[in-house]
Amino acid sequence: MKTGDSLPELQLAGISRTTLALYAGASGDHNPMHIDLDVARSGGMDDVFAHGMLSMAYLGRLLTNYVPQERICSYGVRFAAITPLHAKPTCTGTVTKVDDGLAHLDLTVTLADGTVTLRGDAVVAA
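Values in this document were obtained by computation on a predicted structure and should not be read as measured data.

## Things to note about the overall build of the protein
- A tally of helices and strands in the protein yields three helices and five strands.
- Starting at the N terminus and ending at the C terminus, the protein contains elements arranged as β-α-α-α-β-β-β-β.
- The principal-axis extents of the C-alpha atoms in the protein amount to approximately 50 × 30 × 20 Å.
- Surface accessibility of the protein: about 6,800 Å² in total, with carbon and sulfur atoms responsible for 51%.
- Charged side chains of the protein number 9 positive and 13 negative; the gap between the two group centres comes to 4 Å.

## Re the nonpolar core
- One finds Leu20, Leu54, Leu59, Leu62, Cys91, Leu105 and Leu107 to be the most contacted residues of the largest nonpolar core, which totals 26 residues.
- At the level of secondary structure, the elements contributing two or more residues to this core comprise helix H1 (17–27), helix H3 (52–66), strand S3 (90–99), strand S4 (102–110) and strand S5 (116–125).
- If you tally residues by element for this core, the top one is H3, at six residues.
- Leaving out residues up to four positions away in the same chain, Leu107 has contacts with Leu7, Leu59, Leu62, Tyr75, Thr92, Gly93, Leu118, Arg119, Gly120, Asp121 and Ala122.

## Overview of the environment of Met53
- Considering the arrangement of structural elements, one finds Met53 in helix H3.
- The exposure class assigned to Met53 is partly exposed, which follows from its relative accessible area of 44%.
- Apart from the residues within four sequence positions on either side, Met53 is in contact with Tyr23 and Phe79.

## Some thoughts on the pairing of S3
- Here strand S1 (residues 10–11) pairs with S3 via two bridges, running antiparallel. The residue of S3 that forms the bridge with Leu10 is Cys91.
- Taking the residues between adjacent antiparallel strands as the criterion, S3 and S4 are bridged by two residues, where Asp100 takes a positive phi near 55°.

Rules used in this analysis
Residues numbered from 1 in each chain as written. Predicted model: local features only at pLDDT ≥ 70, side-chain atom pairs only at ≥ 80, totals over all residues. Heavy atoms only, no water. Helix = DSSP H or I, 4+ residues; strand = E, 2+ residues; numbered from the N terminus. Areas by Shrake-Rupley, 256 points an atom, 1.4 Å probe, with all protein chains shown as cover. Lys, Arg positive; Asp, Glu negative; His and termini not counted. Charge placed at Lys NZ, Arg CZ, Asp CG, Glu CD. Core = buried A, V, L, I, M, F, W, Y, C linked by side-chain atoms within 4.5 Å. Buried < 20%, exposed > 50% of the residue type's maximum accessible area, 1.4 Å probe, protein only. Contact = heavy atoms within 4.5 Å. Pairing = 2+ DSSP bridges.

Here it is as structure tokens:
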């Protein structure tokens, strides 16, 4: 692992209503903005949209595909945009620095139209 290395990209299938319902059940996050079209529309949205924490979980999968979970020292994200229904997120990461046996990573979730929905960082044992 060295500075400039890219993590193997994680391309995801389109976010479906089933995905959102399953995630709501698994996470306990039943916010109706994510699963009820009428509630989403009453809030000014065209349709339901993905939970931000679902995108964080996908980015976590990118990370654990790269290193075993026990090597993750820290992991954090910042939400940047909504992930609409049917969007196909792509998770990417880059090693920005390796120092004292620790690799620092920049992580991103991007939609097909170029919208960045999530930015994150992690530190892993190199």
